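# A structural walkthrough
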Amino acid sequence: MEPIDLDRRRLALLFALTGVVAGCGGSGSSGNNTPSNFTPGPPPPGAAPATAVTFRDGLENPWGMAWLPDGRILVTERPGRMRIVSADGSTLSSPLGGVPAVHAVDQGGLLDVAVAPDFATAPWVYFSFSEEDGNGDSGTAVARGQLSGNALTNVSVIFSQTPKLGGSGHYGGRLVFADDGTLLVTLGERQTDDPSNPGTGNAQNLANHLGKVVRIHRDGSTPSNNPFAGTAGALAQIYSRGHRNPQGAALHPVSRELWLNEHGPQGGDEINRVLPGRNYGWPLRSYGCPYGATPGPACQVNGGTHAPNYEEPQAYWVPTSTAPSGMMFYTGDRFPEWRGSLFVGALSGKSLWRFPVDGNTLGTRQQHFTGLNERIRDVRQGPDGWIYLLTDSASGRIVRIQR
């Protein structure tokens, strides 16, 4: 058994003390799980309210961010640029050299970025992007390079989604390093699965990477203990299937399991606890409705309920989509009343959602910072314990939530 660090012990104790019966499965018009009786306490006596301040502006459609060991922040811009923001936010670098060409059309472009856990000794930077095949078709790819000054060197593509397709939507693209050092990559189904005609079912098909989470080694090779390794007709990189467009992902701070959020069709955005080999239902089940249908239970795909054949989401949004994107579990000390909460950025919802967490149960969600009126593409906890947001617009910025 791997050792449990102090932060994880504290979180486990926090979850245990809330006294909520564990459970899962969305229900009711709110799309939350069975209502829970746990809520965070008030802010500490005398604490100032949380406020949102601009940490760095001057970004064009920023998509992902990751901290370097010295406190600087790598930020991607969807048109195809990666930049470095100084630790205090005062300076923004020119675009890094070495970033390959990306298919920067509509939802496509340069997407997420992640820093190797042992960056201090192996300075690898990993990033996802929409890769074109020269014939106009594209798919999600992952590359890595070594950071040297203001450039990436030794850049190589370590994963390419199969097959590449026309269109320019639903690339997924979040990157998460698991504790064992493997890399988890979320992949959209590239808008190929129509819930009004679920027989298309690319997200169900183990012979392609569409609508999947894949798990790879840092060099792009495939772990031998992946759930479908050795399964005839299945791509060995696949970790889970039945996803639509997963754009937020994070490790649960206690269980260390992958959680993700994904866009539904018209309603039906989901938060899922991702377990190896499991099927999350798209396009055969959704609490959302086909585009153009009158929202409501009558049009939910195959009745909405996923169980028993597919995994129930931990929470979902109905009848209106919020378009979830970046996601994180807060483990810092700056906001003790929020410690252990799950935060989700919203694009069409233009807000930051917070869910109290007890084990694998999500409490009633709360909406924060609607006054920003910004599409929130990414949300991260900084090394200083503050919460950082990326706003997705042509005049994008990093916003810091602080006291």
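Residues numbered from 1 in each chain as written. Predicted model: local features only at pLDDT ≥ 70, side-chain atom pairs only at ≥ 80, totals over all residues. Heavy atoms only, no water.

## So, the side chain of Arg377
Mapped onto the secondary structure, Arg377 falls in strand 23 (residues 376-381). When its relative accessible area of 6% is taken as the criterion, Arg377 is described as buried. For Arg377, the contacting residues outside a window of four places in its chain are Pro62, Trp63, Arg174, Gln247, Ser325, Gly326, Leu347, Leu390 and Asp392. (Helix = DSSP H or I, 4+ residues; strand = E, 2+ residues; numbered from the N terminus. Buried < 20%, exposed > 50% of the residue type's maximum accessible area, 1.4 Å probe, protein only. Contact = heavy atoms within 4.5 Å.)

## Topic: the state of the cysteines
Taken as a whole, this structure holds one disulfide when the rule is applied. The disulfide partner of Cys289 is Cys299, and the S-S distance across this bridge is 2.0 Å. Classification of the bridge connecting Cys289 and Cys299 rests on its S-S torsion, roughly 80°, and on that basis the disulfide is right-handed. Residue Cys289 is found in the loop between strand 15 (269-274) and strand 16 (315-317), and its partner Cys299 is found in the loop between strand 15 and strand 16; the two are separated by 10 residues along the sequence. Pair check on accessibility: Cys289 and Cys299 agree, each one buried. (Disulfide = S-S within 2.5 Å.)

## Structural notes on the packing of aromatic side chains
The full count for this structure, using the stated rule, is 13 aromatic pairs. Taken together, the aromatic side chains of Tyr330, Phe335, Trp338, Phe343 and Trp386 make up a single cluster linked through ring pairs. One cation-aromatic arrangement involves Arg144 over Trp124; the distance from NZ or CZ to the ring centre is 3.9 Å. We note Arg365 situated over the ring of Trp353; from NZ or CZ to the ring centre the distance is 5.3 Å. (Phe/Tyr/Trp six-rings, centres within 6.5 Å; stacked < 30°, edge-to-face > 60°. Lys NZ or Arg CZ within 6 Å of the ring centre and 35° of its normal.)

## Topic: the sheet that holds strand 12 (residues 238-241)
Overall, antiparallel pairing links the four strands, which are arranged 9-10-11-12 in an open sheet. Two strands in the sheet have a free side with no partner beyond their single neighbour: strand 9 (175-177) and strand 12. Shown here is a sheet whose adjacent strand axes are inclined to one another by a mean of 20°, direction ignored. (Pairing = 2+ DSSP bridges. Axes fitted to C-alpha atoms, helices over the stretch in contact; angles between N-to-C directions.)

## Digging into the nonpolar core
Counting 25 residues, the largest nonpolar core has Ile387, Leu389 and Ile398 as the members making the most contacts within it. Among the elements of the structure, strand 1 (51-59), strand 2 (62-67), strand 3 (73-77), strand 23, strand 24 (387-391) and strand 25 (396-402) are those that each provide at least two residues to this core. Element by element, the count of residues in this core is highest for strand 24, at four residues. If we ignore the near neighbours within four places in the chain, the residues touching Leu389 are Met65, Leu352, Leu372, Ile376, Asp378, Val379, Arg397, Ile398, Val399 and Ile401. Formed by 19 residues, the second largest nonpolar core is a distinct cluster that contains Ala66, Leu110, Phe119 and Leu147. (Core = buried A, V, L, I, M, F, W, Y, C linked by side-chain atoms within 4.5 Å.)

## Notes on unusual backbone geometry
For the bond running from Thr162 to Pro163, omega is -5°, close enough to zero to count as cis. Counting through the fold element by element, Pro163 comes out in the loop between strand 8 (151-160) and strand 9. For the peptide bond that leads from Val318 to Pro319, omega is -5°, which places it in the cis range. Its location among the elements puts Pro319 in the loop between strand 16 and strand 17 (324-329). The backbone of Arg256 sits at a positive phi, close to 65°, despite the residue not being glycine. Relative to the helices and strands, Arg256 is located in the loop between strand 13 (246-251) and strand 14 (258-262). Its relative accessible area of 28% is what places Arg256 among the partly exposed residues. Unusually for a residue other than glycine, Phe369 sits at a positive phi of about 60°. Within the fold, Phe369 resides in the loop between strand 22 (366-368) and strand 23. You can call Phe369 buried: its relative accessible area is 18%.

## Considering the sheet that holds strand 18 (residues 342-346)
Reading across the sheet, the four strands line up as 17-18-19-22 and stay open at both edges, with antiparallel pairing between neighbours. Edge positions in the open sheet fall to strand 17 and strand 22, since each of these has one partner strand only. Strand-to-strand twist of the sheet, defined as the mean angle between neighbouring strand axes without regard to direction, takes the value 25°. Looking at chain direction, strand 17 and strand 18 are connected through four bridges and run antiparallel. Residue pairing in the sheet places Phe329 in a bridge with Leu342 of strand 18.

## Structural notes on the pairing of strand 15
Among the six residues that make up strand 15, five are buried, leaving the element largely enclosed by the rest of the structure. Of the strand pairs in this sheet, strand 14 and strand 15 are connected by five bridges, and their pairing is antiparallel. Considered in strand 15, the bridge of Leu260 is made with Asn272. Where strand 14 folds back onto strand 15 in an antiparallel hairpin, the turn is made up of six residues, including Gly267, whose phi is positive at roughly 80°. Inspection of the sheet shows strand 15 paired to strand 16 by three bridges, in the antiparallel sense. What sits directly across from Glu270, in strand 16, is Tyr316.

## Section: the environment of Trp282
Mapped onto the elements, Trp282 comes out in the loop between strand 15 and strand 16. Looking at Trp282, the relative accessible area reads 3%, which means it is buried. The sequence separation of Trp282 and Asp194 amounts to 88 residues, and the corresponding C-alpha distance is 9.5 Å.

## Observations concerning the environment of Val399
As for its placement among the helices and strands, Val399 is situated in strand 25. What makes Val399 buried here is its relative accessible area of 0%. For the pair Val399 and Arg56, spaced 343 residues apart in sequence, the C-alpha separation works out to 7.1 Å. Aside from chain neighbours lying at most four places away, what touches Val399 is Ala52, Val53, Phe55, Leu372, Ile387, Tyr388, Leu389 and Thr391.

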